[in-house]
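What follows is the residue order along each chain.
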Amino acid sequence: MTVSVIAKFRVRQRPLAAAAAACLLSFAGFWLAQRAAHVSMLDLMVYRAEGETVRAGGDLYAMRATSANLAMTYPPFAGLLFTPLTLLGVPEMRTLATAGNLLLVVALVHLSLRLVGRDRLETTLWAAAVLVWCEPVWTTLRYGQINLLIAVAVLWDLTRRDTNRWAGVGIGLATAVKLTPGLFAFYLLVVGVIRLRRGEGWNSWLRQFAVASATFLGATAASALILPYDSRRFWTETLFETGRVGFAEETANQSLRGVLARLMHTDDPGMWWAVAAALFAVAGLVLAVRAALRGDRAVAVVAVAVTALMISPISWSHHWVWCVPVLVLLVDRAAGWAWTAPVAFAFYSFALWWVPHDPGRPELDQNAGQMVLSAIYPLAAGAVMWLLAFRLPRGAGPGIEDGAAPEEKTGAAAQAVAKE
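Structural notes, computed from the coordinates.

What counts, and where the lines are drawn
Residues numbered from 1 in each chain as written. Predicted model: local features only at pLDDT ≥ 70, side-chain atom pairs only at ≥ 80, totals over all residues. Heavy atoms only, no water. Helix = DSSP H or I, 4+ residues; strand = E, 2+ residues; numbered from the N terminus. Rg over C-alpha atoms; globule rule 2.2 N^0.38 Å. Buried < 20%, exposed > 50% of the residue type's maximum accessible area, 1.4 Å probe, protein only. Contact = heavy atoms within 4.5 Å. Patch = residues over 30% accessible without salt bridge, like charges linked within 9 Å, V, L, I, M, F, W, Y side chains within 5 Å. Areas by Shrake-Rupley, 256 points an atom, 1.4 Å probe, with all protein chains shown as cover. Salt bridge = Lys/Arg side-chain N within 4 Å of Asp/Glu carboxyl O. Phe/Tyr/Trp six-rings, centres within 6.5 Å; stacked < 30°, edge-to-face > 60°. Axes fitted to C-alpha atoms, helices over the stretch in contact; angles between N-to-C directions. Parallel < 35°, antiparallel > 145°, perpendicular 65-115°, else oblique. Left-handed = near helix turned anticlockwise from the far one by under 90°. Nonpolar A, V, L, I, M, F, W, Y, C, P; charged D, E, K, R; others polar.

1. Here we look at the overall build of the protein
- The helix and strand inventory of the protein stands at 19 helices and two strands.
- Computed over C-alpha atoms, the radius of gyration of the protein comes to 22 Å, within 12% of the 22 Å expected from 2.2 N^0.38 for 420 residues, which places it in the range of a compact globule.
- Seen through its C-alpha atoms, the protein measures out along the principal axes to roughly 70 × 55 × 50 Å.
- In the protein, buried positions account for 52% of the 420 residues.
- Expressed as a percentage of contacts within the protein between residues at least 6 apart in sequence, the contacts between residues at least 24 apart total 74%.

Structure below.
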């Protein structure tokens with residue numbers, strides 16, 4: 001009997017061991033490829049400079065760092081979070097940032113699989129081994145960016161049970177660091193209000209929105225107490241200086257505003273962008289709310305993420321690490337290779353970098369073919385939103401409305417799809 005148990009244990013461990021080996025080999029290859037490419041981790045150096053400015057009592061929004069003369073663009077709370085970076089040497093900081101981001105890739109894949117109810121460890125490791133090579137992840141590690149941390153914080157909230165009183169903290173902190181995750185809080189509010197009006201009373205959606213809002217306000221208030229001048233300047237001046245982040249027409253800007261800027265050969269598409277962003281925001285949120293109300297959390301979350309990226313004034317290509325849950329959802333719902341392959345190609349091909357891009361601003365004079373390539377993420381986003389609305393079979397992942405764990409929901413989701 002003992003021999004039989006041991007044999008079964010070994011058989012079960014083999015798939016996990018194979019997945020772990022594949023993930024480690026892939027990550028090792030990724031690390032070596034980044035070293036061979038002599039990645040600068042430029043943004044990480046800016047974060048360190050921001051932390052040094054905070055410690056020195058300097059002006060955060062007058063600071064310029066690195067040879068690229070980059071400025072602080074995040075709220076003051078981010079500057080406070082970056083102060084620990086000043087306690088490390090630069091080589092140690094870069095090594096820890098790379099290792100930490102690779103672990104965050106695993107966490108993001110795990111939470112994306114949890115969102116669709118399939119978060120087995122071996123599946124997570126196999127998927128992470130593949131997804132680490134997509135362009136948004138590569139560029140995030142190349143620059144030492146915090147996009148993976150932001151996505152993990154948000155998804156941690158949105159895959160909790162409804163009884164988890166900490167659900168909402170991740171969205172609140174993410175919004176205090178980078179404002180765009182605030183759209184997830186708005187989504188929670190809208191769904192919560194609709195449920196309230198349907199007679200459900202104070203519900204888990206409204207509670208999570210309240211926790212997210214309180215966390216954001218608390219972090220922002222603490223920043224104002226510690227950094228009063230910087231806080232006043234950010235919320236009254238810097239917040240509205242969209243050009244401070246970079247030129248709208250840059251190829252790296254994969255938002256609606258970037259597409260329109262390149263299409264119109266201008267760095268300011270003006271009202272055209274405002275109208276397009278408003279229409280996309282309404283359509284995206286309607287899709288997300290309807291999915292949430294029928295219990296399809298995965299579609300709702302992906303719709304909000306894509307909407308936030310599309311309507312933001314600047315969505316650099318590395319912000320699109322949300323392609324991880326997008327691709328996980330398409331594969332899980334069997335969208336078909338005719339649709340999944342082109343979306344995967346968009347995020348793996350690095351095609352947006354095939355067009356001229358340099359400080360001379362050649363993006364202002366792109367031809368039609370170059371415009372298509374430099375709009376590859378928004379085009380993929382449009383295809384994804386169409387799939388979410390019309391093509392994907394409905395499902396039900398883990399949701400705060402009923403508190404069911406993913407493994408408990410998988411069977412129910414399969415039954416729901418079978419009945420349709």
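2. A few points about a nonpolar patch on the surface
- Taken together, Leu179, Leu239 and Phe240 make up a surface patch of nonpolar side chains, about 260 Å² in accessible area.
- Here Phe240 is to be found in the loop between helix H11 (228-236) and helix H12 (256-264).

3. Observations regarding the pattern of salt bridges
- Overall, the coordinates contain 12 salt bridges when judged by the stated rule.
- With a shortest N-O distance of 2.7 Å, Glu122 and Arg120 are connected by a salt bridge.
- Judged by relative accessible area, which is 19%, Glu122 ranks as buried.
- Since its relative accessible area comes to 55%, Arg120 is described here as exposed.
- Among the ionic pairs, Arg361 bridges to Asp267, the shortest N-O distance being 3.6 Å. Of this pair, Arg361 sits in the loop between helix H16 (337-348) and helix H17 (368-373) while Asp267 sits in the loop between H12 and helix H13 (271-293), placing them 94 residues apart in sequence.
- Judged by relative accessible area, which is 23%, Arg361 ranks as partly exposed.
- Look at Asp267 and you get partly exposed, because its relative accessible area is 37%.

4. Focus: H12
- For H12, every residue scored as buried is listed here: Leu256, Arg257, Gly258, Leu260, Ala261 and Arg262.
- Buried positions along H12 lie against H13, helix H14 (297-311) and H17.
- Following H12 by one or two positions, His265 adopts a phi angle in the positive range, close to 55°.

5. Some details on the packing of aromatic side chains
- Evaluated as defined, the whole model comprises 16 aromatic pairs.
- Plain terms: the ring middles of Phe30 and Trp133 are 5.3 Å apart, the flat faces sit at 70° to each other, and that makes the pair edge-to-face. Of this pair, Phe30 sits in helix H1 (residues 2-36) while Trp133 sits in the loop between helix H5 (121-131) and helix H6 (135-143), and the two are 103 residues apart along the sequence.
- On the basis of relative accessibility, which here comes to 31%, the residue Trp133 falls in the partly exposed class.
- With centroids separated by 5.9 Å and ring planes inclined at 40°, the aromatic side chains of Tyr47 and Tyr74 adopt a geometry described as tilted. One end of the pair, Tyr47, is in helix H2 (residues 42-56); the other, Tyr74, is in the loop between strand S2 (70-71) and helix H3 (76-81), with 27 residues separating them in the sequence.
- We classify Tyr47 as buried; its relative accessible area is 4%.

6. With respect to the environment of Arg297
- As for its placement among the helices and strands, Arg297 is situated in helix H14.
- Taking the C-alpha atoms as reference points, Arg297 and Val116, 181 residues apart in sequence, are found 8.1 Å from one another.

7. Some details on the packing of helix H7 (residues 147-158) against helix H8 (residues 169-177)
- The N-to-C vectors of H7 and H8 enclose an angle of 155°; their axes lie 7 Å apart at closest approach. Regarding the angle of H7 to H8, the classification is roughly antiparallel. You can see that H7 and H8 cross each other, and the crossing is left-handed. Residues Ile150, Ala153, Val154, Asp157 and Leu158 of H7 touch H8, and the partners they reach there are Val169, Gly170, Ile171, Ala174 and Val177.
- Among the residues forming the contact of H7 with H8, the class breakdown is eight nonpolar, one polar and one charged.

Read these as spatial facts, not as claims about activity.
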